[in-house]
Amino acid sequence: MRRFVIAILFLFPSFTIVRGQSAPPIIPIPVQVEDRHASYEISPNTAIVIADGSLRELASRLSSGIAQATGISVPVQINGSTAEAIVLALNGKKADTLGEEGYDMVMEHDGVRISANALPGLFYGIQSFLQLIPNAVDKTRETVPVPCYQVRDYPRFAWRGLMLDVSRHFFSKQFVLKYLDEMAKHKLNVFHWHLTDDNGWRIEIKGLPQLTDIGAWRVKRTGTWASLAPQPGEPATYGGYYTQEDIKEIVQYAKDRFIRVIPEVDVPGHSLALIASLPHLSCSGETYSVGNGAGMENVHNVLCAANDSVYTVLDLIFSQIAELFPDAYIHTGGDEVNYTFWNAHAACKALMEEKRLANAESLQGYFFKRMQDNVRAKGKHTACWYSSYLEEPGLLDKETVVYAWTSHEEGARLSREGHQVVMTPSRETYLDFAQGVFSSEPVNVIPAIVRLKHCYDFTVVPEGGDEAFILGGQGNLWTESVPTERHVEYMTWPRALALSEAFWSPAARKNWKDFFRRVENRMVYFDRADINYAKSMYNPIIAGIKDKDGNWRVKLDSETPGTSIYYTFDGTNVDHHSARYEGEPLEIPLGASQVRAVCYRNGERIGQQVMCMLHEFENMEFR
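Rules used throughout
Residues numbered from 1 in each chain as written. Predicted model: local features only at pLDDT ≥ 70, side-chain atom pairs only at ≥ 80, totals over all residues. Heavy atoms only, no water. Salt bridge = Lys/Arg side-chain N within 4 Å of Asp/Glu carboxyl O. Helix = DSSP H or I, 4+ residues; strand = E, 2+ residues; numbered from the N terminus. Core = buried A, V, L, I, M, F, W, Y, C linked by side-chain atoms within 4.5 Å. Buried < 20%, exposed > 50% of the residue type's maximum accessible area, 1.4 Å probe, protein only. Contact = heavy atoms within 4.5 Å. Pairing = 2+ DSSP bridges. Axes fitted to C-alpha atoms, helices over the stretch in contact; angles between N-to-C directions. Expected span 1.5 Å × (residues − 1). Arc of directions from axis to C-beta. Polar contact = N/O pair within 3.5 Å; in protein donor to acceptor, adjacent residues only side chain to side chain. Parallel < 35°, antiparallel > 145°, perpendicular 65-115°, else oblique. Nonpolar A, V, L, I, M, F, W, Y, C, P; charged D, E, K, R; others polar. pLDDT = per-residue confidence, 0-100. Left-handed = near helix turned anticlockwise from the far one by under 90°.

Chemist: Is there a simple way to explain the pattern of salt bridges in this structure?
Modeler: If charged atoms from side chains of opposite charge come close, those side chains can pair. This model, assessed by the stated rule, comprises 35 salt bridges. A salt bridge links K206 to E204; the nearest nitrogen and oxygen atoms lie 3.1 Å apart. Notably, a salt bridge pairs E489 with R486, separated by 3.5 Å at the nearest N-O pair. With a gap of three residues between them, E489 and R486 both fall in helix α15 (residues 485-492), about one helical turn apart. Taken together, the shared-partner salt bridges in this structure form one network comprising D165, R168, D197 and E480.

See the structure below:
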C-alpha cells in the first residue's frame, strides 16, 4: 500500500467530487472525501491487521460485518503483514480535528488503513467502510470489489440521539438491542429510553415490586389508540418490563457500540402507571388502572407535590437508576403536567402558601428543584423537557440539559442564557408524526406530518442560538400509534438517516438529491437485513393553499427528485394518462370533493396513489 498517501491526504481542505459526480454511499456523509478511482478486493487472502490485542474486539466486529456482507471470512492478525490488508490503528500523535469520534480512512487497490485518535473514531471508520461494500454481492464469489476513497470524517455535534418510548407499548430486549445496532451503524450515539409514563412502568425497582406487578400491565386493545377505556374487572394482561439484569445487558451492549443510554422516569406528570401501583402517591389517593390513553379526564396522573412519600419513593427509584445507568444524566421528564389536581388539593395549596409560591407552575418548579438536588446527590445531572415552569429565576442549574421541543426560539434563547440544550423541535424530529398524506399512511392519532425531507432540512443550531451551548439534536419516537416492533422500524427508518446526517455532517455537505440516492442504496441493505422501513418519500405531496380571493387551490409536489406527478379530481384512479401536474396550484373543479395523485420516475410508477378529501384542508396541516 502506498503509505505516502497518508502523509499528503489532508493537506488540502476541500473535498473532491467523487465517482459519478456523487458522494460515496455513506450515511451520514463524511466531512472530506476523495475518490481514488480504484477498487480494493476483499478476498480469502484479506486479513485485518492490528498492533495489539486492545483493538481485537473492534477488529472482530469488522470481520463479522465483512462476512455478513460478502460471505468471506477475514481473519484478525496482530502485527501481521499489511500487504493487501485492512489495517486498524490508533494515532500515536493525535490529530486535533478528529477529536474522539473522528477517523481517517485511506483506501488503495492494495490495502486499506483506518486510523483514529480513540476507539469511537475507529468504530465509526469501520461503519463507513462496511457501508461501501456493495449491497448486491454474490456470496459465491471469491472476491468482492470495494470502491476506494480517502476520507477524513468527524461529527459536528456530540449529541446525536434517538428516543424510544417503551411505555405506550412494550418492546422486547432483543428488539432494543437490534435498534441499538442500527443506531450505531449510522453514527447515532445517544439512546434516550422513555421507560415510564401513564401507560406502563418498564423497569424493575428492588423493594417496589408493585411497579412491575401492577404498573407494567394494562388492558389489551387493538386498533386506534385510546379507543376504549379499561372496563370494570377487565384483566390487565398487556405489557412487560425489563429486569435489572436486562437493563445491565442493554447498557453494556450500547457501551460496546459507543452509545450512551439516558434513562427517563417522567415525573410529576405522566405518572399514572406509578400511581396505579402506589395509589397513595396521588392527591386523591384513589385506585386507578394503568391507562390505555382513554378515559383520562378525571384520572389523577400527577404525583402529589405535598406528599413526603412521593419523594421517598422517587429517592429509592433514582438511587437504583443511578447505579444501573453509568451516564452522567438522568431524564426526569417534567412536561404536560395537569395542575388541576394540585390547585384543588388542600395540602398542595398549603405548601404553596408555606413556600410562598405564586401558583401551581411555581409548585412544579419546587418539585423540579427537589428532583434536581436528588439526582445531583447521586453524582448525576438532570435532563428535562422544556416547560414554562423552568423560567423561574435561578431554578435551572448550568449542568441541567434542556430539551427544546416546542420551538426553535426556545432553544435559541436557552442557549444564549448559557444553558445546555438538545434541539428536538417536533416539526422536524418527532418520528411519531405521519410521513406523508394521511390516506397513504398507517393509522395515526397525531394529525401532523414530518417527512423525510423535513428531517433532512433540520437546522440544529437555531437562528440566534449560541452553538457553544447546543449539544446536538435528537429524534423522538412516541409510540401511541406504534404497537409493534416492525412498526417502530417503519417509523424510524429512513427518517433517522436524515437526522443522523443533520447531526453529524457539516451543513455545507448536505445535498438532498445526493442524500436521496444514498437512502435508496441503504434501502437495499434494509431489505437484506429484514428491517422494515417507510417508502413514503415516493408518494406525492398534496397541500391546500388559498389564492388572493381566499379560495382553496391544490398544490402537488414530490420529495423524489426527477418525478412527474399525475392527478384526478373525479374520484377515478390515476395513471400516466391522467392530467400531468405542471407546477402551478390547481383550481378545484366545481363539484369535486377529492384529489388523487401518483408519481412517476423515468416512465415507471413509484410509490402509492394518495387521496385527500378537499374539506380536510380546513382542519389539517399538510406540508
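Chemist: Explain the nonpolar core here, please?
Modeler: When a protein is soluble and globular, its nonpolar side chains tend to lie buried together. Among the nonpolar cores identified, the biggest contains 184 residues, and F129, F191, W193, L314, I317 and F325 are the most heavily contacted of them. Looking at this core element by element, the count peaks at nine residues for helix α8 (residues 308-324). Not counting residues within four places of it along the chain, the set of residues in contact with W193 comprises L164, V166, V176, Y242, I247, I250, V261, I262, P263, E264 and F325.

Chemist: Got a minute to help me understand the sheet that holds strand β2 (residues 48-50) in this structure?
Modeler: Sheet strands pair by backbone hydrogen bonding; their relative direction is either parallel or antiparallel. Spatial ordering of the open sheet is given by β1-β7-β5-β6-β4-β2-β3, a layout of seven strands whose pairing is mixed. Each of the sheet's edge strands pairs with one partner strand only, and the pair in question is β1 (32-42) and β3 (76-78). Strand-to-strand twist in this sheet, taken as the mean axis angle between neighbours without regard to direction, amounts to 25 degrees. As paired strands, strand β5 (residues 103-108) and strand β7 (residues 144-153) are joined by four bridges and run antiparallel to one another. Counted as the bridge partner of V106 is Q150 from β7. Where helix α2 (residues 56-70) meets the sheet, its contacts fall on β1, β2, β3, β4 (86-90) and β7, and the angle it forms with β2 comes to roughly 175 degrees. Where helix α3 (residues 119-132) meets the sheet, it contacts β1, β4, β5, β6 (111-116) and β7, and its direction lies at approximately 40 degrees from that of β5.

Chemist: Before we go on, may I ask you to explain helix α6 (residues 244-256) in this structure?
Modeler: The α-helix advances 3.6 residues per turn, and as a result positions three or four apart in sequence lie on the same side. Counted at 1.5 Å a residue, the expected span for α6 with its 13 residues is 18 Å, and the 18 Å between its end C-alpha atoms agrees. Within α6, the full set of buried residues consists of Q244, D246, I247, I250, V251 and A254. Burial along α6 is one-sided: seen end-on, the buried residues are contained in an arc of 150 degrees. Contacts made by the buried residues of α6 are with α4 (173-185), β9 (190-194), β14 (260-264) and α8. In the segment just after α6, F258 is the residue with positive phi, at about 60 degrees.

Chemist: Would you mind showing me how to read the sheet that holds strand β21 (residues 552-557) here?
Modeler: Taken together, three strands build an open sheet; the order of strands is β20-β21-β24 and the sheet is antiparallel. Looking at the sheet topology across the chains shown, the edges are occupied by β20 (541-546) and β24 (586-587). In this structure, β20 lies alongside β21, joined through six bridges in antiparallel fashion. From the neighbouring strand, I545 faces β21, where its bridge partner is R553.

Chemist: So what exactly am I meant to see when it comes to the pairing of strand β25 (residues 594-601) here?
Modeler: When a strand is regular, its side chains alternate between the sheet's two faces. In terms of burial, β25 is largely enclosed, as seven of its eight residues are buried. Sheet topology places β25 next to strand β26 (residues 604-613); seven bridges connect them, and they run antiparallel. Counted as the bridge partner of R596 is M611 from β26. Counting the residues in the hairpin turn of β25 and β26 gives two residues, including N602, whose phi is positive at 55 degrees.

Chemist: Would you mind showing me how to read helix α12 (residues 408-416) here?
Modeler: For α12, every residue scored as buried is listed here: E410, G411, A412, L414 and S415. Looking at the buried side of α12, the elements it contacts are β17 (401-404), β18 (420-423) and β19 (470-477). The backbone nitrogen of E409 has a side-chain oxygen 3.5 Å away, supplied by the residue at the start of α12, namely S407. The first or second residue beyond α12 is G418, which carries a positive phi of 90 degrees.

Chemist: Which parts of the structure should I look at to understand the side chain of T492?
Modeler: In this structure, T492 sits in helix α15. Accessibility expressed as a relative area gives 0% for T492, which makes it buried. Within polar-contact distance, the side chain of T492 engages the side chain of Y179 at 2.9 Å. Each residue touching T492, except ones within four places of it in the same chain, is listed here: L162, Y179, L431 and L477.

Chemist: I'm lost on the packing of helix α10 (residues 346-354) against helix α11 (residues 360-377) in this one. Help?
Modeler: The axes of two packed helices give the description: the angle between them and the distance between them. It is the contact of α10 with α11, at a shortest axis distance of 10 Å, that shows an interaxial angle of 80 degrees. With respect to their mutual orientation, α10 and α11 come out roughly perpendicular. Residues C348, L351 and M352 of α10 lie in contact with α11, whose contacting residues are A360, L363 and Y366. Here the contact of α10 with α11 is built from residues that sort into six nonpolar, no polar and no charged.

Chemist: How should I be thinking about the environment of V437 in this particular structure?
Modeler: Within the fold, V437 resides in the loop between α13 (426-429) and α14 (452-456). Judged by relative accessible area, which is 2%, V437 ranks as buried. Spatially, the C-alpha atoms of V437 and R451 are 9.7 Å apart, while their sequence positions differ by 14 residues.

Chemist: It is not clear to me how the confidence of the model for the protein chain should be interpreted in this structure. Could you clarify?
Modeler: Low-pLDDT portions of the prediction should not be read for the details of their coordinates. When pLDDT is averaged along the protein chain, the result is 94, and 96% of the positions lie at 70 or above. In the model, residues 1-21 has pLDDT below 50 throughout and makes 44 contacts with residues more than four positions away in sequence or in other chains.

Chemist: Where do I start with the pairing of β7 in this structure?
Modeler: Counting buried residues along β7, nine of its 10 residues qualify, which places the element largely inside the surrounding structure. Judged from the eight bridges that link them, β1 and β7 form a sheet pairing that is antiparallel. In the strand pairing of β7, E34 is matched with Q150.

Chemist: Would you mind going over the packing of α8 against α11 with me for this structure?
Modeler: Closest axis-to-axis distance for the α8/α11 pair is 11 Å, and the angle between their directions is 35 degrees. Both α8 and α11 take part in a crossing whose hand is right-handed. Every residue of α11 that contacts α8 at D308, V310, Y311, L314, D315 and F318 is listed here: Y366, F367, R370, M371 and N374. For the contact of α8 with α11, the per-class residue count stands at seven nonpolar, one polar and three charged.

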